[in-house]
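Reading the structure
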Amino acid sequence: MKKFKLSTGTKFGLLLFYTSTLTIFFTTKLEILNMIMILLLFFSIRKWKYCIKAIFGFIVLTGIYYFTRNILGVAQVFHTWALIVRRLLIPFSIGYYVILSTNISSVMASLEKLKIPKTIIIPLIVMFRYMPALNDEYSNIKNAMKIRGIEIGLKSLKTPQLTLEYLLVPLLFSTSNIGEELSQAAFSKGISLDGKKERYFSTQLTKSDVLIFIYLIFFIFLLIRR
């Protein structure tokens, strides 16, 4: 599975396909087929824990969906909820896969190859790096709070003033600093310069991309036939 590597364009194409088909009803068999594809994608980047969580979540949601299907009353709320969440599981999983398996340089190379304006590329690249950096900062703040004995989570209700002071205030300062630092880092790497650039990461299609295209064609065929 080490050789199974999708290009950035194919990853975003998958994400666009499954987000654009959210309003189309998929049968359980088609959703199982999609889940197998998702598991193979995460298996290729060695994310075993997410594979287990995805399987468990899909089984639980499917069980709730079928168990509450013929029950009237409040159970219909759970029936609808299970259907919606199970339907969102695929695009959210693909989005998570894109974040985990895609580096910024390959995203920039793909966007520049598509002739996307810099006014769109620069904010998108900053946003793409913003959330992981903010998540790291949040983890650091939580670790510092644990060292000082300040509770986090439901236990923080006992001391809400300390949580507000030691978590939210530093986090607010970090959000503004991170955005400015990422913008300066992008400009220092020459993102705003004109002219042809050479990229280390290739944007060409591979055999893995061809397999995904074949799968999508097969899936669309099954979707039309149902």
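Residues numbered from 1 in each chain as written. Predicted model: local features only at pLDDT ≥ 70, side-chain atom pairs only at ≥ 80, totals over all residues. Heavy atoms only, no water.

**Considering the environment of Ala 75**
Take Ala 75: it is sitting in helix α4 (residues 75-101). Since its relative accessible area comes to 14%, Ala 75 is described here as buried. Here the alpha-carbon distance between Ala 75 and Ile 64, two residues 11 residues apart in the chain, equals 9.4 Å. (Helix = DSSP H or I, 4+ residues; strand = E, 2+ residues; numbered from the N terminus. Buried < 20%, exposed > 50% of the residue type's maximum accessible area, 1.4 Å probe, protein only.)

**Description of the packing of helix α1 (residues 8-20) against helix α8 (residues 207-225)**
It is the contact of α1 with α8, at a shortest axis distance of 11 Å, that shows an interaxial angle of 15°. Here α8 runs roughly parallel to α1, going by the angle between their axes. Regarding α1 and α8, the two cross each other, and that crossing is left-handed. Where α1 abuts α8, its residues Thr 10, Leu 14, Phe 17 and Tyr 18 lie against Asp 209, Ile 212, Phe 213, Tyr 215, Leu 216, Phe 219 and Ile 220. Residues of the contact of α1 with α8, tallied by class, amount to 9 nonpolar, 1 polar and 1 charged. (Axes fitted to C-alpha atoms, helices over the stretch in contact; angles between N-to-C directions. Parallel < 35°, antiparallel > 145°, perpendicular 65-115°, else oblique. Left-handed = near helix turned anticlockwise from the far one by under 90°. Contact = heavy atoms within 4.5 Å. Nonpolar A, V, L, I, M, F, W, Y, C, P; charged D, E, K, R; others polar.)

**Notes on a nonpolar patch on the surface**
Taken together, the side chains of Val 74, Val 77, Phe 78 and Trp 81 define a hydrophobic patch exposed on the protein surface, amounting to about 440 Å² of accessible area. Looking at the secondary structure, you find Phe 78 in helix α4. When its relative accessible area of 47% is taken as the criterion, Phe 78 is described as partly exposed. (Patch = residues over 30% accessible without salt bridge, like charges linked within 9 Å, V, L, I, M, F, W, Y side chains within 5 Å. Areas by Shrake-Rupley, 256 points an atom, 1.4 Å probe, with all protein chains shown as cover. Salt bridge = Lys/Arg side-chain N within 4 Å of Asp/Glu carboxyl O.)

**Side note on the packing of helix α2 (residues 28-44) against α8**
Interaxial distance between α2 and α8 falls to 11 Å at its minimum, and their mutual angle equals 170°. As judged from the angle between their axes, α2 and α8 are roughly antiparallel. Contacts between α2 and α8 pair Leu 30, Leu 33, Asn 34, Met 37 and Leu 41 from the former with Ile 212, Tyr 215, Phe 218, Phe 219, Leu 222 and Leu 223 from the latter. Of the residues in the contact of α2 with α8, the class split is 10 nonpolar, 1 polar and no charged.

**Remarks on the nonpolar core**
Residues Leu 14, Tyr 18, Met 37, Ile 38, Leu 41, Ile 94 and Leu 216 are the most contacted members of the largest nonpolar core, which totals 25 residues. For this core, the secondary structure elements donating two or more residues are α1, α2, α3 (48-67), α4 and α8. Among the elements that line this core, the one with the most residues is α2, at 6 residues. (Core = buried A, V, L, I, M, F, W, Y, C linked by side-chain atoms within 4.5 Å.)

**Comments concerning unusual backbone geometry**
The phi torsion at Arg 46 lies on the positive side, around 60°, for a residue other than glycine. Here Arg 46 lies in the loop between α2 and α3. When its relative accessible area of 48% is taken as the criterion, Arg 46 is described as partly exposed.

**Overview of the packing of aromatic side chains**
Tallied over the entire structure, the rule returns 11 aromatic pairs. The interplanar angle of 50° and the centroid separation of 6.1 Å between the aromatic rings of Tyr 18 and Phe 219 together place this pair among those described as tilted. Note that Tyr 18 is positioned in helix α1 and Phe 219 in helix α8, a separation of 201 residues in sequence. We note that Tyr 18, like Phe 219, is buried. Connected via pairs of aromatic rings, a cluster forms that spans Phe 17, Tyr 18, Phe 26, Tyr 215 and Phe 219. (Phe/Tyr/Trp six-rings, centres within 6.5 Å; stacked < 30°, edge-to-face > 60°.)

**Quick look at the side chain of Thr 8**
Assignment of secondary structure puts Thr 8 in helix α1. For Thr 8, a relative accessible area of 7% puts it in the buried group.

**Regarding α1**
Note: α-helices contain 3.6 residues per turn, so residues at a spacing of three or four share the same orientation. With 13 residues, α1 extends 18 Å between its outermost C-alpha atoms, agreeing within 8% with the 18 Å of an ideal straight helix rising 1.5 Å per residue. Inspection of α1 places Thr 8, Thr 10, Lys 11, Leu 14, Phe 17 and Tyr 18 among the buried residues, and these make up the whole buried set. (Expected span 1.5 Å × (residues − 1).)

**Some thoughts on the pattern of salt bridges**
For the coordinates displayed, the defined rule picks out 1 salt bridge. The salt bridge involving Glu 31 is made with Arg 86; its shortest N-O contact spans 3.0 Å. Note that Glu 31 is positioned in helix α2 and Arg 86 in helix α4, a separation of 55 residues in sequence.

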